[in-house]
Amino acid sequence: MFEIDENDPIPNVDLIDINKVKHGGGSDLYMVIATPISGERQALERLLRKLETYLAFMHSDQFRSESGIPTVDNTRIVVKMHPDSHPKARELIERNRTWVENNDATLVIDTDLINL
């Protein structure tokens, strides 16, 4: 259902874009959406699947060996979203803030694509 599509704003929903491991434990996990994402159902489903991928990765053996145990204090999922993305995409991420926190991370939405 979610094939790699290089023409999509989220080309690979099963890939962690950037993982900045912190020296004291935890990580800043960046999801980069460099082109505007639409409000169409397929685009929103890809966005939600990508978020699921990040949450699953945080609880993987690989993450724990590199970053330790994730907590809302030491682990962030930073969604770097193109500022011209459809409002539904931002709303979808916002609606899932509690879900992310319940899975041991803080969610940040950032529309500044210059600074990573």
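Residues numbered from 1 in each chain as written. Predicted model: local features only at pLDDT ≥ 70, side-chain atom pairs only at ≥ 80, totals over all residues. Heavy atoms only, no water.

### Let's talk about the pattern of salt bridges
Any two side chains of opposite charge can pair, so long as their charged atoms come close to each other. Counted only if it meets this: For salt bridges, the criterion is a side-chain nitrogen of Lys or Arg within 4 Å of an Asp or Glu carboxyl oxygen. Secondary structure follows DSSP: runs of H or I at least 4 residues long count as helices, runs of E at least 2 residues long count as strands, and numbering of each begins at the N terminus. Accessible area is worked out with a 1.4 Å probe on protein chains only. A residue is then buried under 20% of its type maximum, exposed over 50%, and partly exposed in between.
As enumerated under the stated definition, the model contains eight salt bridges in all. Measuring nitrogen to oxygen at the nearest pair gives 3.3 Å for the salt bridge that ties Arg46 to Asp8. Taken together, the residues Arg46 in helix 1 (residues 41-58) and Asp8 in the segment before strand 1 (18-21) connect sequence positions 38 residues apart. In this pair, the class of Arg46 matches that of Asp8, namely buried. Of the charged contacts in the structure, one is a salt bridge between Glu45 and Arg41, with a shortest N-O distance of 2.7 Å.

### Overview of the side chain of Asn96
Worth spelling out the cut-off: Any two residues having at least one pair of non-hydrogen atoms within 4.5 Å are treated as being in contact.
Relative to the helices and strands, Asn96 is located in the loop between helix 3 (87-95) and helix 4 (97-102). Not counting residues up to four positions away in its chain, the partners in contact with Asn96 are Leu48, Leu51 and Leu107.

### Things to note about the sheet that holds strand 3 (residues 75-81)
Defined as follows: Two strands qualify as a pair provided DSSP detects at least 2 bridges between them. Geometry is summarised by axes, namely lines fitted to C-alpha atoms with helices restricted to the contacting stretch, and by angles between N-to-C directions that run from 0 to 180 degrees.
A sheet is described by the order of its strands in space; here four strands give the open sequence 1-2-3-4, paired in mixed fashion. Across the chains shown, the open sheet's two edge strands, defined by having one partner strand only, are strand 1 and strand 4 (106-110). When the angles between neighbouring strand axes are averaged without regard to direction, this sheet yields 20°. With seven bridges connecting them, strand 2 (residues 27-33) and strand 3 associate as parallel partners. Within strand 3, the residue paired with Leu29 across the bridge is Ile77.

### Things to note about the pairing of strand 2
The buried fraction of strand 2 amounts to six of the seven residues, a majority that puts the element mostly inside the structure. The pairing of strand 1 with strand 2 spans four bridges and is antiparallel. Paired with Val21 across the strands is Ser27, a residue of strand 2. Taking the residues that link successive antiparallel strands as the turn, the strand 1-strand 2 hairpin has five residues, and the phi of Gly25 there is positive, at about 110°.

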